[in-house]
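Below are the chains, spelled out letter by letter.
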Amino acid sequence: VYKRQDLKSAKPHNQRYDASSRLQGWLKKHASFAKRARLSWEDLHAEDLIAFRQLAEGTLGQREIDATCLRLAELKKKGSLEDWREAPRLIITVGSSLKRIEICQSAFPCVLPKMRYAVLRNGEVTLATGPMCLAMQGVQRQELVEFPQLLLLSGTRQQNLAGNAFAACLLYTSPSPRDG
């Protein structure tokens, strides 16, 4: 039960989730993260991070770019990663919150439905495609040829299937709704 003063101070539903308050929220979180990680202005404006920002623009959203730069700068400061452009491949869960962003060098993170994965390879920034997510879950190219209906699905739908741990063998052995 709410007290009368709680109801007076509560924000209307439509004001709680407006874009400017979300922007202010993640800016505060990013500033707090940079402070805890002891990242300086120079750390955050290194040549490789400036290049990342330029290459990721148009592919990733601004929050995703900023959060990824913070995590890359943190790894660089710890000595775990020198320059992202020199790594053969990095997979980054850019759809995660700042604390949960995974940066993987030798493996693909667990594929989850609706998660966005940035692939940094040969100095380029792209997003993981549906077929790539299916491949990471074990659906091979030959299986895609045998089950062409998988290729007809949108990339988002393919990723959702991959994220829900579907494999061609499961799809093949599962009864069809038409089979009754």
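Thresholds applied
Residues numbered from 1 in each chain as written. Predicted model: local features only at pLDDT ≥ 70, side-chain atom pairs only at ≥ 80, totals over all residues. Heavy atoms only, no water. Phe/Tyr/Trp six-rings, centres within 6.5 Å; stacked < 30°, edge-to-face > 60°. Helix = DSSP H or I, 4+ residues; strand = E, 2+ residues; numbered from the N terminus. Buried < 20%, exposed > 50% of the residue type's maximum accessible area, 1.4 Å probe, protein only. Expected span 1.5 Å × (residues − 1). Pairing = 2+ DSSP bridges. Salt bridge = Lys/Arg side-chain N within 4 Å of Asp/Glu carboxyl O.

Okay, the packing of aromatic side chains next. All told, the structure shown has two aromatic pairs when counted by the stated rule. Each ring, one from F52 and one from W84, has its centre 5.7 Å from the other, and the planes form 85°; the classification is edge-to-face. Remark: W84 occurs in the loop between α6 (62-78) and β1 (89-93) and F52 occurs in helix α5 (residues 47-56); sequence separation between them is 32 residues. Pairing F108 with Y117 gives two aromatic rings, centres 5.3 Å apart and planes at 45°, and the pair type is tilted. Accessibility expressed as a relative area gives 2% for Y117, which makes it buried.

The terminal C-alpha atoms of α6 lie 24 Å apart, and with 17 residues this matches the ideal 24 Å at 1.5 Å per residue to within 8%. The element α6 is extensively covered by neighbouring structure, given that twelve of its 17 residues are classed as buried.

This brings us to the pairing of strand β3 (residues 117-121). By the criterion of burial, β3 is predominantly enclosed, with four of the five residues buried. Note: β1 against β3, five bridges, orientation antiparallel. Across the sheet, residue T93 finds its bridge partner in β3, namely Y117. Linking β3 to strand β4 (residues 124-127), which pair antiparallel, is a turn of two residues; within it N122 sits at a positive phi near 55°.

All chains considered together, the criterion is met by eight salt bridges. Among the salt bridges present, the one from K76 reaches D48, with a minimum N-O distance of 2.8 Å. Of this pair, K76 sits in helix α6 while D48 is found in helix α5, placing the two residues 28 residues apart along the sequence. Residue K76 is classed as partly exposed on the basis of its relative accessible area, which comes to 27%. We classify D48 as buried; its relative accessible area is 4%. The structure contains a network of salt bridges with shared partners spanning E47, D83 and R85.

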